[in-house]
Amino acid sequence: MGNSRNLIIVSLILTFGIGGAVFELGGFTMAGIGLAALLGMVLNLVLPKARE
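Everything in this summary refers to the structure shown in the same document. (Residues numbered from 1 in each chain as written. Predicted model: local features only at pLDDT ≥ 70, side-chain atom pairs only at ≥ 80, totals over all residues. Heavy atoms only, no water.)

1. A short note on the overall build of the chain
Phase 1 of the analysis: Helices and strands together make up the secondary structure of the chain, namely 2 helices and 2 strands.
Phase 2 of the analysis: Reading the secondary structure of the chain in the N-to-C direction produces α-β-β-α.
Phase 3 of the analysis: The C-alpha atoms of the chain give 13 Å as radius of gyration, which overshoots the globular expectation for 52 residues (10 Å, by more than 25%).
Phase 4 of the analysis: Projected onto its principal axes, the C-alpha positions of the chain cover 45 × 20 × 10 Å.
Phase 5 of the analysis: Across the 52 residues of the chain, 15% fall into the buried class.
Phase 6 of the analysis: Long-range pairs, those at least 24 residues apart, make up 42% of the contacts in the chain with a sequence separation of at least 6.
Phase 7 of the analysis: Total accessible area on the chain stands at roughly 4,100 Å², and carbon and sulfur atoms take up 68% of it. (Helix = DSSP H or I, 4+ residues; strand = E, 2+ residues; numbered from the N terminus. Rg over C-alpha atoms; globule rule 2.2 N^0.38 Å. Buried < 20%, exposed > 50% of the residue type's maximum accessible area, 1.4 Å probe, protein only. Contact = heavy atoms within 4.5 Å. Areas by Shrake-Rupley, 256 points an atom, 1.4 Å probe, with all protein chains shown as cover.)

2. Some remarks on the environment of Thr 15
Phase 1 of the analysis: Locating Thr 15 in the fold gives a position in helix H1 (residues 4-19).
Phase 2 of the analysis: Residue classification places Thr 15 among the exposed positions, given a relative accessible area of 52%.
Phase 3 of the analysis: Separated by 17 residues in the primary sequence, Thr 15 and Gly 32 place their C-alpha atoms 9.9 Å from one another.

3. Some thoughts on H1
Because each turn of an α-helix spans 3.6 residues, side chains separated by three or four positions in sequence point in the same direction.
Phase 1 of the analysis: The end-to-end C-alpha distance of H1 is 22 Å, a good match for the 22 Å that 16 residues give at a rise of 1.5 Å each.
Phase 2 of the analysis: Sitting at the amino-terminal end of H1 is Asn 3, which places a side-chain oxygen 3.0 Å from the backbone nitrogen of Arg 5.
Phase 3 of the analysis: Once H1 ends, the next one or two residues include Gly 20, with phi positive near 80°. (Expected span 1.5 Å × (residues − 1). Polar contact = N/O pair within 3.5 Å; in protein donor to acceptor, adjacent residues only side chain to side chain.)

4. Considering the packing of H1 against helix H2 (residues 32-46)
Phase 1 of the analysis: Running from N to C, H1 and H2 cross one another at 160°; their axes reach a closest spacing of 8 Å. The pairing of H1 with H2 is recorded here as roughly antiparallel in orientation. In the packing of H1 onto H2, the handedness of the crossing is right-handed. Here Arg 5, Ile 9, Leu 12, Ile 13, Phe 16 and Gly 17 of H1 come into contact with H2, specifically with Gly 32, Leu 35, Ala 36, Leu 39, Gly 40, Leu 43 and Asn 44.
Phase 2 of the analysis: Broken down by class, the residue content of the contact of H1 with H2 amounts to 8 nonpolar, 4 polar and 1 charged. (Axes fitted to C-alpha atoms, helices over the stretch in contact; angles between N-to-C directions. Parallel < 35°, antiparallel > 145°, perpendicular 65-115°, else oblique. Left-handed = near helix turned anticlockwise from the far one by under 90°. Nonpolar A, V, L, I, M, F, W, Y, C, P; charged D, E, K, R; others polar.)

See the structure below:
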């Protein structure tokens, strides 16, 4: 868990989940735990992984 990539992902998930962020696109709205989970999945795919 000391990996900076993991710390960034976890901190953003907690911030969006607890902070009450809302994403609206037309008639579609996403907020809370759903938005935080989606953000975590996207960040996990986008952020570069550590080299071995």
